[in-house]
Amino acid sequence: MASGSTSVPAPIGAVERQARLAGLRRGMEGAGVETVLLGSTSSLRYFTGLDWYASERLLGALVHASGGLDYITPQFELEKVEGLISLPGEVLTWEEDQSPWRLVADRIGSTGRIAVDERMALAMYRSLRGEIDDARLADAAPLIHPLRSRKSPAEIALMSHAKAITIEVHRRAHHQLQAGQRASEVVRFIDEQHRALGGSGNSFCIVSFGEDTSLPHGGEGDRALAQGDVVLIDTGTRIDGYSSDITRTYVFGEATPEVRRVWEAEKRAQAAAFDAARPGMPCEAVDAAARRSLEADGFGPGYSLPGLPHRTGHGIGLDIHEGPYLVKGDRTPLATGMCFSNEPMIVVPGRFGVRLEDHFHMTDAGPAWFTQPQHSLDEPFANAPVWPTS
């Protein structure tokens, strides 16, 4: 087995963010949009580097097609925000008894269209409508999504590192499992290991044993591990905001013939999805390929159980789930730089579930794995890189 690398890629820098803003402005000009309003969302970080939590207060940015960039912040957060700004721009402030929406309206003037970050809260959009006519408001998603969906080499390097950390954490979690151990204990262990290897801790973590594995997002209890249980662990971390998200399924002890049959069908479906991810093909073709494989093995059809109850995969980047999606109806052509999960889970209701989740990114020649798929049911990490000890 090859050794993994602990070298952390460089964070996204100002030059790349300026290029992103230039791409956004080109799209704005083509769509007849003078301004884009970004809220406290991942798109604010994507374009400006400013990372802020969502709340009821407007903190964001105005991107102008003419080339300007304004930051908007409550006055009492000004000092902190100024310390976080990495791209130059004017900072506009508002006091607690003032309307930030009036501030936005005054800044952009009485004419021109403004496109709004689709991840902003509905309450904020309603407040903006109180100051700006509906005819001037547009959805920023068609401008933002084409840029964010195709990752740069720097973004792919950051996600590769995040995923290398998570696969090693999976290996360590598997190694330390003990009968009687609670799922919550494993969640804590995984968080500690993500941090120890340089990640942000758990961005999320699902640990399921036994019957709970038949629920795609796990049970609500804190089940103790027992001999013969199916184990499903789905977790991830972040590096410079970029996400990992990997699932492994195996058995604590000896697998039954039925579990083996389902596990092998899952592995074939994951491989079929990967093989179908060809440049220019619609995203939905990947989902269709996974379902054809599952139906050939006696599962489904469609979303029927036993079978696959959800889409085959999702895009990933600064958000764990982001478009486009590997699902029927998403006809976005696969293109270089797009990154996806590949996780056509098989659910056997009330008994167990098997999900194998790895991610791939599209290249000019086709898909490339970030992490190699699980080696086998009995030796899940036989093909995992060895994390350097020094």
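Residues numbered from 1 in each chain as written. Predicted model: local features only at pLDDT ≥ 70, side-chain atom pairs only at ≥ 80, totals over all residues. Heavy atoms only, no water.

### Quick word on the sheet that holds strand 7 (residues 204-209)
We count it as follows: Strand pairing follows a simple DSSP-based rule, namely that at least 2 bridges must link the two strands. Secondary structure elements follow DSSP: runs of H or I of four or more residues count as helices, runs of E of two or more count as strands, with numbering from the N terminus. Orientation is described by lines fitted to C-alpha atoms, with helices fitted over the stretch in contact, and by angles between N-to-C directions that extend from 0 to 180 degrees. What makes two residues a contact is simply this: any of their non-hydrogen atoms within 4.5 Å.
With antiparallel pairing, the three strands of this open sheet are ordered in space as 7-8-11. Strands at the two margins of the open sheet, each flanked by one partner only, are strand 7 and strand 11 (246-251). Each neighbouring strand pair of the sheet contributes to a mean axis angle of 10°, computed without reference to strand direction. Bridge count between strand 7 and strand 8 (residues 230-236): six bridges; the pairing is antiparallel. Bridged to Ile206 within strand 8 is Asp234. Sheet strands touched by helix 8 (residues 183-196): strand 7 and strand 8. Its angle to strand 7, the strand with the most contacts, is close to 145°.

### What to know about the environment of His314
Applied cut-off: Using a 1.4 Å probe on the protein chains alone, a residue whose accessible area is under 20% of its type maximum counts as buried, one over 50% counts as exposed, and one in between counts as partly exposed. Whenever two N or O atoms come within 3.5 Å, that pair is a polar contact, provided that in protein one can donate a hydrogen and the other can accept it, and provided that, for residues adjacent in sequence, both atoms are side-chain atoms.
For His314, the location among the structural elements is in strand 12 (residues 313-315). Judged by its relative accessible area of 1%, His314 falls in the buried class. Each C-alpha atom of the pair His314 and Tyr325 lies 4.5 Å from the other, and the pair is eleven residues apart in sequence. Dropping the residues within four chain positions of it, His314 is found in contact with Asp245, Ile320, His321, Glu322, Pro324, Tyr325, Cys339, Phe340, Ser341, Glu343, Glu357 and His359. Here the side chain of His314 touches Asp245 through a polar contact of 3.1 Å, side chain to side chain.

### Side note on helix 1 (residues 14-31)
Note on helix geometry: an α-helix contains 3.6 residues per turn, so any two residues three or four positions apart are oriented the same way. Put simply, the rule reads: Take the number of residues in a helix, subtract one, and multiply by 1.5 Å to get its expected span.
Taking 1.5 Å per residue, 18 residues should reach 26 Å; helix 1 reaches 26 Å between its end C-alpha atoms and fits that length. The set of residues buried in helix 1 consists of Arg17, Arg20, Leu21, Gly23, Leu24, Arg25 and Met28.

### Brief notes about the nonpolar core
Quick note on the threshold: Nine residue types can take part in a nonpolar core, namely buried Ala, Val, Leu, Ile, Met, Phe, Trp, Tyr and Cys, and a core is a set of them joined through side-chain atoms within 4.5 Å.
Counting residues in hydrophobic clusters, the biggest one holds 76 residues, and the most contacted among them are Leu24, Met28, Val36, Val63, Ile190, Val231 and Ile233. Examining the composition of this core, we find that eight residues originate from one element, helix 7 (residues 153-176), more than from any other. Non-local contacts of Met28, meaning those with residues more than four positions away in its chain, are made with Val33, Glu34, Thr35, Val36, Val63, His64, Ala65 and Leu143. One finds Leu37, Trp94, Met124 and Leu128 within the second-largest nonpolar core, a separate group that totals 16 residues.

### Notes on the environment of Ala54
Inspection of the secondary structure puts Ala54 in the loop between helix 2 (42-48) and strand 2 (60-64). For the pair Ala54 and Gly39, spaced 15 residues apart in sequence, the C-alpha separation works out to 7.9 Å.

### Examining the sheet that holds strand 3 (residues 69-74)
A sheet is described by the order of its strands in space; here six strands give the open sequence 4-3-2-1-5-6, paired in mixed fashion. The strands lining the two open edges of the sheet, one partner per strand, are strand 4 (90-94) and strand 6 (137-139). The average angle at which neighbouring strand axes cross in this sheet is 25°, direction not considered. Pairing of strand 5 (residues 114-116) with strand 6 involves three bridges; the strand directions are parallel. Paired with Ile114 across the strands is Leu137, a residue of strand 6. Against the sheet, helix 1 engages strand 1 (35-38), strand 2 and strand 3, with an angle of about 60° to strand 2.

### Overview of the side chain of Thr247
Following the sequence through the fold, Thr247 ends up in strand 11. Here the side chain of Thr247 touches Asp234 through a polar contact of 3.1 Å, side chain to side chain. Of the polar contacts made by the side chain of Thr247, one reaches the side chain of Glu357; its length is 2.7 Å. If near-sequence neighbours (up to four positions away) are discounted, Thr247 is found in contact with His170, Leu232, Ile233, Asp234, Arg355, Leu356 and Glu357.

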